[in-house]
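# Understanding the architecture of this molecule
These are the residues of each chain, in order.
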Amino acid sequence: MSEVNPYQSLRTQIDEAAEYLPLSEGQLERLKTPERVLETNLSVEMDDGSIEVFRAYRSQFNGDRGPYKGGIRYHPQVSRDEVKALSGWMVYKTATSNIPLGGGKGGIVIDPNAYSEDELERVTRAFAKELTPLIGVDRDIPAPDVNTGQREMNWIKDTYETLENTTEPGVITGKDLSSGGSEGRVEATGRSTVVAAREAFEYLDKDLEHATVAIQGYGNAGWIAAKLIYGMGANVVAVSDSSGAIYNETSLDPVAVKEYKRETGSVAGYSEAERELTNEELLTLDVDLLIPAALENAIDESLADDISADVISEAANGPITPKADDVLSEKEILVIPDILANAGGVIVSYFEWVQNRQRFYWSKERVNEELDAMIVEQFQNLVDAYEAQDLPSFRTAAYVVALQRVMNASEQNGTWP
Ligand code: GLU
């Protein structure tokens, strides 16, 4: 994995798109810089009575189009710059999706596998207490991200509601159904990654039926993408997680692989695999579709040289460095950028927030249909911008569309004081 600073990557991506927009230097700097970042140190009692201190962040990048919105990740590699980058990607993701939200992101520097459930609950509630003055249904709405899910969201909601003496489920999304969550939210990130890939295949006049697919990462986004694309008739020839990668020329059965991972903790060693691969071998397989669904910087410029996929749909945030992007553009590999491909998560978070505010809940069919329609519409918007302005990549097209939307809102809001 490359050492590229993700916050620099975000700034480069914005600069590349800004060349096609009439922005002043000041406006551009504003669009590349977070409004504020909370850095806090959580002192938490461990099961043995000792105290441990955890560094945590929440970055509120831009709120011109609505409340800050974005997940909270638990990972030992969380850093201030990573959180800043992820919060910026949220701004341009909500803008590309055209939903009325801004962008934010949070994280705790922690390896959640090293702690008990009780300890994780205390860490989460300690962070929720720090967040309570900053978040709110119209202010900043957190959600799940890497290594967090319904359980953590329910704890944060409960802490917030207890401290504020209210019931306000829309203060956070990605909750369990019985705590005010939405149908379809768990599957949403993987679903949009696959719907976007379906649209890209149609655009290229390629058949998804029997197409070969490789997926890096078998967490919530990767495994759901595998299951859904397999259901659409594609062959999932390779998948991986942090323990290794597995390959089967005909296709792996994603549900059986998931079951195996649930039992053993990893995909490595799965008996129906013909052979095991390295992470690099998986990423450079000659497949029709590659889905990076792990972390940032999975594909750097030297790896990009060896990429043989025709289409890449980014389920992870920031998996391709800007220099790798240039290589892939030259090779005419169609990259569906994260800010569209994985936007399903935040789009269904938006649906969850709407349902929470109305206290009226939708069916799974309605959620999935509305999500599908939004991805189709915004994919078409990118194609239009890409073709009309002869832009170098779909990523630049997405940023051109998104920056314009944020700029328009910012201009209408005006500058105060
Ligand atoms: N963490 C997800 C993302 O990166 C979802 C954010 C949300 O639902 O607010 O897009």
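Since this is a predicted model, take the numbers as computed values, not measurements.

The rules behind these values
- Residues numbered from 1 in each chain as written.
- Predicted model: local features only at pLDDT ≥ 70, side-chain atom pairs only at ≥ 80, totals over all residues.
- Heavy atoms only, no water.
- Near = heavy atom within 4 Å.
- Polar contact = N/O pair within 3.5 Å; in protein donor to acceptor, adjacent residues only side chain to side chain.
- Areas by Shrake-Rupley, 256 points an atom, 1.4 Å probe, with all protein chains shown as cover.
- Salt bridge = Lys/Arg side-chain N within 4 Å of Asp/Glu carboxyl O.
- Helix = DSSP H or I, 4+ residues; strand = E, 2+ residues; numbered from the N terminus.
- Buried < 20%, exposed > 50% of the residue type's maximum accessible area, 1.4 Å probe, protein only.
- Pairing = 2+ DSSP bridges.
- Axes fitted to C-alpha atoms, helices over the stretch in contact; angles between N-to-C directions.
- Contact = heavy atoms within 4.5 Å.
- Parallel < 35°, antiparallel > 145°, perpendicular 65-115°, else oblique.
- Left-handed = near helix turned anticlockwise from the far one by under 90°.
- Nonpolar A, V, L, I, M, F, W, Y, C, P; charged D, E, K, R; others polar.

### Topic: the site of the ligand
With respect to spatial proximity, 14 residues lie near the ligand, and among them Lys-69, Lys-93, Pro-144, Asp-145 and Ser-349 are the closest. Here Lys-93 contributes a side-chain N or O atom positioned 2.7 Å from an oxygen atom of the ligand. The protein chains hide 95% of the 300 Å² of surface that the ligand would expose on its own.

### As for the pattern of salt bridges
All chains considered together, the criterion is met by 33 salt bridges. With a shortest N-O distance of 2.9 Å, Lys-105 and Asp-145 are connected by a salt bridge. Residue Lys-105 is located in strand E4 (residues 103-109), and its partner Asp-145 is located in the loop between strand E5 (140-144) and helix H5 (150-164); the two are separated by 40 residues in the primary sequence. Pair check on accessibility: Lys-105 and Asp-145 agree, each one buried. The closest approach of N and O atoms between Lys-206 and Asp-310, which form a salt bridge, is 2.8 Å. With Lys-206 in the loop between helix H6 (188-203) and strand E6 (212-216) and Asp-310 in the loop between helix H10 (301-305) and strand E11 (311-313), this pair connects stretches of sequence that are 104 residues apart.

### Points about the sheet that holds strand E10 (residues 289-292)
Strand order in this open sheet of seven strands is E9-E8-E7-E6-E10-E11-E12, and the pairing throughout is mixed. With partners counted over all chains shown, the strands left at the sheet margins are strand E9 (275-277) and strand E12 (334-336), one partner each. Pairs of neighbouring strands in the sheet enclose a mean axial angle of 20°, with direction left out of account. Packing of helix H7 (residues 220-231) onto the sheet brings it into contact with E6, strand E7 (235-241) and E10, and relative to E6 it is tilted by some 170°.

### What to know about the packing of H6 against helix H13 (residues 344-358)
Remark: H6 packs on H13, axes separated minimally by 7 Å, with the N-to-C direction vectors making an angle of 125°. On the basis of the axis angle, H6 is oblique to H13. In terms of crossing hand, the pair formed by H6 and H13 is right-handed. Where H6 abuts H13, its residues Ala-188, Thr-189 and Ser-192 lie against Gly-344, Gly-345 and Val-348. Among the residues making up the contact of H6 with H13, the classes are represented as two nonpolar, four polar and no charged.

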